[in-house]
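Single-letter residue listing:
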Amino acid sequence: MTGLITSDTELIFLPGWNLIYLYLSCRTRSLKVKKKTIILIHVLYWFYIINQSLFPMYIGKLDDANVISSQYFKDILITLFLNALSFYAIYFTFPGIVAVKNKILVGLLSLALILLIMGIRLPIDWYFWKVFGNLPEKEMAFQWAWVWNELRLVIVTGIYAVLISFLIKAIESRKLKDELINQRQAGELALLKSQVNPHFLFNTLNNIYSLVYHKSDEAPDAVMKFSSIMRYVLYDSKEEKVLLEKEIEYLKSYIELQKLRIKEPDFVLLEVEGNFEGTFIAPMLLIPFVENAFKHAGREYLPGISIYLHGDKQEIRFEVSNFKQKEIQTVEKPFSGIGLSNIRRRLELIYAERHLLEIKTENDQYKVKLIIQP
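To keep things clear, this report deals only with the structure shown in the data block. By convention here, each chain's residues receive numbers from 1 onward along its written sequence. Residue-level local features of this predicted model are given only where pLDDT is at least 70; pairs of side-chain atoms are given and counted only at 80 or more, and the full residue set underlies all totals for whole chains, interfaces and linings. With hydrogens and water set aside, each side-chain value is computed from the structure's full complement of heavy atoms.

### Regarding the side chain of Gln365
Stage number 1. Mapped onto the elements of the fold, Gln365 is located in strand 7 (residues 365-372).
Stage number 2. Among residues more than four places away in sequence, those in contact with Gln365 are Ser321, Asn322, Phe323, Lys324 and Lys360. Only DSSP runs of H or I covering at least 4 residues are called helices, and only runs of E covering at least 2 are called strands; the numbering of each starts at the N terminus. Every residue pair with non-hydrogen atoms within 4.5 Å of one another is taken to be in contact.

Structure below.
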């Protein structure tokens, strides 16, 4: 039992995929491909498949009008239905299969999916031709050629489903990469202006000058910490990712220099734990929360600021809390406006679906919790 549209024309790769890819990627302005664009891709695919199915009629290979009107279009109908069933079964399940890290398990799951589709496809095809095909009894007899042909169609259709899935992911990846590059280029000057703000530089230099003037033993250490901060901001922060140890060293240096201004050794409680070896993080991602804590922290409590950081290769957990200044408890909110939107946007770009950020006010404290999967 063989169909009429099982020729090698179905194996022809869709021409112009590169042009379609470029066109669609230009149309896609957000990080996620819009539903309209996805629908357009699918419409183009099925237009191609239907056109290929009708190709023998276009070139005049079918001269018998009765054949054209009966068996030919019945074959087109059932083949398109079964191909659509195979296509979307693979299209929707394949991303979940390839997400499995074990390659052997991926192969077994793929094989099981093909066998499942064949187990559904063969009975439907046989029943259709038995009930609606009006084929002679001898043509309804089991033939291995029929099974291999159906398997071929499942594999070919599956290849198209995988290619279209990769096409959509490629468009998303390209948009994300372009936006990350633009964000990085546009943000380099902004980082220097916002992360190392003039007030911090001015106050730190004044404090260091005061230590030097009074010949304090703390002066050399303060100069080294200030030098470490400037080196990290000017050079290390240009990298996409840095070792978490460097980010922690930067935080510690920043806190120590802030203590020169506050002159209260117990004002900040810093707890750092975990195995940081080989753990990377986007540079200067944590410092805005610490800066904000120093900006809003009240001096009436000890410690006024509590910072907790735990990190390993699976998760980075960062928590900052500070007591409010009494005079602004009912006026000012923590992390509002552009600062918060910039932080959220950066997290969305670098750690999409791999982070949790919570900012809240509880009693007399501002609290921030950030969890990242590196």
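### What about the environment of Phe73?
Stage number 1. With respect to the element layout, Phe73 can be found in helix 4 (residues 65-98).
Stage number 2. Relative accessibility decides the category of a residue: with a 1.4 Å probe and only protein chains considered, values under 20% of the type maximum give buried, values over 50% give exposed, and everything between is partly exposed. By relative accessible area, which is 35% here, Phe73 ends up partly exposed.
Stage number 3. Each C-alpha atom, one on Phe73 and one on Ser53, is 9.6 Å from the other, the two residues being 20 residues apart in sequence.

### Describing the sheet that holds strand 7
Stage number 1. Strand pairing requires that DSSP identify at least two bridges connecting the strands. If you walk across this open sheet you meet the 5 strands as 2-4-5-7-6, and the pairing is mixed. Only two strands of the sheet have a single neighbouring strand rather than two, namely strand 2 (268-274) and strand 6 (355-362). Taken pair by pair, the neighbouring strands of this sheet meet at an average axis angle of 5°, ignoring direction.
Stage number 2. Examined bridge by bridge, strand 5 (residues 316-323) and strand 7 share 8 bridges and lie antiparallel to one another. From the neighbouring strand, Glu319 faces strand 7, where its bridge partner is Lys369.
Stage number 3. Against the sheet, helix 9 (residues 244-262) contacts strand 2, strand 4 (305-311) and strand 5, and its axis sits at roughly 165° relative to strand 2. An axis is simply a line fitted to the C-alpha atoms; with a helix, the fit covers only the stretch in contact. Between two such axes, the angle follows the N-to-C directions and lies from 0 to 180 degrees.

### Section: the packing of helix 9 against helix 10 (residues 287-296)
Stage number 1. One way to put it is that helix 9 packs onto helix 10 with a least axis distance of 11 Å and a crossing angle of 15°. Looking at the two axes, helix 9 sits roughly parallel to helix 10. For the crossing formed where helix 9 meets helix 10, the hand is right-handed. Across the interface between the two elements, Glu247, Tyr250, Leu251, Tyr254, Ile255, Gln258, Arg261 and Ile262 of helix 9 pack against Ile287, Val290, Glu291 and Phe294 of helix 10.
Stage number 2. When its residues are assigned to classes, the contact of helix 9 with helix 10 shows 8 nonpolar, 1 polar and 3 charged. For this classification, under 35 degrees means roughly parallel, over 145 means roughly antiparallel, 65 to 115 means roughly perpendicular, and everything else is oblique. Crossing handedness is read from the near helix: turned anticlockwise from the far helix by less than a right angle, it gives a left-handed crossing, and turned clockwise, a right-handed one. All residues other than Ala, Val, Leu, Ile, Met, Phe, Trp, Tyr, Cys, Pro, Asp, Glu, Lys and Arg, Gly among them, are scored as polar; the first ten of these are nonpolar and the last four charged.

### Examining the pattern of salt bridges
Stage number 1. The rule for a salt bridge is simple: a side-chain nitrogen of Lys or Arg has to be within 4 Å of a carboxyl oxygen of Asp or Glu. In total, this model carries 7 salt bridges according to the counting rule given.
Stage number 2. For the salt bridge of Glu150 with Arg121, the shortest nitrogen-to-oxygen distance reads 2.4 Å. Linking Glu150 in helix 6 (residues 144-194) with Arg121 in helix 5 (residues 103-131), this pair joins segments that are 29 residues apart in sequence. As far as the burial class goes, Glu150 and Arg121 line up, both buried.
Stage number 3. Among the ionic pairs, Glu362 bridges to Lys367, the shortest N-O distance being 2.9 Å.
Stage number 4. By relative accessible area, which is 32% here, Glu362 ends up partly exposed.
Stage number 5. For Lys367, a relative accessible area of 24% gives the class partly exposed.
Stage number 6. Linked through salt bridges whose partners overlap, the residues forming this network are Lys360, Glu362 and Lys367.

### Observations regarding unusual backbone geometry
Stage number 1. Positive phi outside glycine occurs at Glu353, with the angle close to 60°.
Stage number 2. Tracing the sequence through the fold places Glu353 in the loop between helix 11 (338-350) and strand 6.
Stage number 3. For Asn363, which is not a glycine, the phi torsion comes out positive at approximately 60°.
Stage number 4. Mapped onto the elements of the fold, Asn363 is located in the loop between strand 6 and strand 7.

### Side note on the packing of aromatic side chains
Stage number 1. Under the pairing criterion, centres of Phe, Tyr and Trp rings, with the six-membered ring standing for Trp, must be within 6.5 Å; the plane angle then separates stacked pairs below 30 degrees from edge-to-face pairs above 60, leaving the rest tilted. Counting across every chain of the model gives 16 aromatic pairs.
Stage number 2. When the centroid spacing of 6.4 Å and the interplanar angle of 55° are considered together, the rings of Phe289 and Phe318 count as tilted. Taken together, the residues Phe289 in helix 10 and Phe318 in strand 5 connect sequence positions 29 residues apart.
Stage number 3. On the basis of relative accessible area, Phe289 is assigned to the buried category, the value being 1%.
Stage number 4. A relative accessible area of 1% places Phe318 in the buried class.
Stage number 5. Taken together, the aromatic side chains of Tyr45, Trp46, Tyr48, Phe87, Tyr88, Tyr91, Phe92 and Tyr160 make up a single cluster linked through ring pairs.

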